[in-house]
Amino acid sequence: MSDVLHAVENGVSWITLNRPEAMNAVTWDQRERIMALLDEASAAPDVRAVVVTATGRGFCAGADLRGGPAVAETVPGDVARTIRRGAQRFIGAVMDCEKPVIAAVNGTAAGIGAHLAFACDLVLASESARFIEVFVRRGLVPDGGGAYLLPRLIGPQRAKELMFFGDAVSATEARELGLVNRVVPAESLEKTAREWAERLAQGPTRALALTKHLVNASLDTDRGAAFAAEAAAQEINMTTRDAKEGVASFVERREARYEGR
C-alpha cells in the first residue's frame, strides 16, 4: 500500500500518512508527495479544503531521513541546505496552501510531526494525541519552523518551556495552551474532521484563501502594512463570484450558494 493515501471526497482532499508500523515517521519521499498534493489542492477548483491525518496509533513521530538525497561527503552547509529543502519546504507548503488545511491528529505528533499539525489552519486532536518537541532530547535545535510557529501560537515563554524540556503535552493541555482547536474522542475524530472540512468546502473558497494569507502575514508586518494588505485582499475578493453571491444572498434574504470561484 502507498505510504501516503489520497482521496478527494465532497470537495475535500484527504491526505493520510500510512506508515503505522513506524508511527508515521515521515520519509523524504512522503514529504515530497504531500507537498505535491498540497500544491495540487491549491490549483484544483474541485478541492476546497484539505485534511491531513494518519493511520494507526501515531500521527507523525518525526522525520525518518532514510531515502533522502545521497551525500557522498558532508561539508559545511549540507545540513542547512537539507533542512531548507526538506523540513522547511514541507511546513511552508502547508502554510502556503491556498485551501484551508485541517490536521486531524490521531496520536503522537513529535518533532516535525508536531510542527506539521501546528502549521495547519485548524487542529483537531483525539483524546489520545500527544505533542512533543522532541529535538532537545536528541541534543538538537528545533527545525521545520518550530521556533517560528510556537511563539506565534502560544507566546515565547511557553514555547521555550516546551522546547527546553521536551515534555509530552496531552491533547487537553495542548488545547488549553492554544495549540489545538478541539479535542474529541478517538472514535469521533474522522467524523468531526469530515464535518469541519465539508463545511469549509461549502464556503467562499477564495475569501478563505485570502483570509488565511492575511492572518499568517499579519504576525510579521506592522499595522500599516496589514491594513493595506487587508484592503487589497478585499479589492481582489470583490471580483469573485462568491463575493457577489454572498452580497446577493444577504439582500435577497436566502442562504448563499458558494461555488469556490
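Residues numbered from 1 in each chain as written. Predicted model: local features only at pLDDT ≥ 70, side-chain atom pairs only at ≥ 80, totals over all residues. Heavy atoms only, no water.

What follows concerns the nonpolar core. Membership of the largest hydrophobic core comes to 49 residues, with the highest contact counts inside it found for Leu-38, Val-50, Phe-59, Val-105 and Phe-131. With six residues, helix H3 (residues 112-119) is the single largest residue contributor to this core. Sequence-distant contacts of Phe-131, that is, excluding residues within four places in its chain, are made with Val-105, Ala-109, Ala-117, Phe-118, Ala-125, Asp-167, Ala-168, Val-169, Ala-171, Ala-174 and Val-180. Within the second largest apolar cluster, 14 residues are counted, among which are Val-12, Ala-49, Leu-124 and Leu-200. (Core = buried A, V, L, I, M, F, W, Y, C linked by side-chain atoms within 4.5 Å. Buried < 20%, exposed > 50% of the residue type's maximum accessible area, 1.4 Å probe, protein only. Helix = DSSP H or I, 4+ residues; strand = E, 2+ residues; numbered from the N terminus. Contact = heavy atoms within 4.5 Å.)

With that out of the way, let us pick up the packing of helix H2 (residues 78-96) against H3. Packed helix pairs are characterised by how far apart their axes lie and by the angle those axes make with each other. It is the contact of H2 with H3, at a shortest axis distance of 8 Å, that shows an interaxial angle of 20°. Regarding the angle of H2 to H3, the classification is roughly parallel. Between H2 and H3 the crossing geometry is right-handed. Each of Ala-87, Phe-90, Ile-91, Val-94 and Met-95 in H2 lies in contact with H3, whose residues at this interface are Ile-112, His-115, Leu-116 and Ala-119. Residues belonging to the contact of H2 with H3 are distributed by class as follows: eight nonpolar, one polar and no charged. (Axes fitted to C-alpha atoms, helices over the stretch in contact; angles between N-to-C directions. Parallel < 35°, antiparallel > 145°, perpendicular 65-115°, else oblique. Left-handed = near helix turned anticlockwise from the far one by under 90°. Nonpolar A, V, L, I, M, F, W, Y, C, P; charged D, E, K, R; others polar.)

Another aspect to go through is the packing of helix H8 (residues 205-218) against helix H9 (residues 223-237). One can describe the packing of H8 onto H9 by two numbers: an axis separation of 10 Å at closest approach and a directional angle of 170°. By the angle between their axes, H8 is roughly antiparallel relative to H9. Residues Arg-206, Ala-207, Leu-210 and Leu-214 of H8 form the contact with H9, whose participating residues are Ala-229, Glu-230, Ala-233, Ile-236 and Asn-237.

A separate point is the pattern of salt bridges. Any two side chains of opposite charge can pair, so long as their charged atoms come close to each other. With the rule as written, the count across this model stands at 12 salt bridges. As a salt-bridge pair, Arg-194 and Glu-190 come within 2.9 Å of each other at their nearest N and O atoms. Residue Arg-194 and its partner Glu-190 are located together in helix H7 (residues 189-201), separated by four residues, close to a single helical turn. The class for Arg-194 is partly exposed, based on a relative accessible area of 24%. The shortest N-O distance in the salt bridge between Glu-252 and Arg-254 comes to 2.6 Å. (Salt bridge = Lys/Arg side-chain N within 4 Å of Asp/Glu carboxyl O.)

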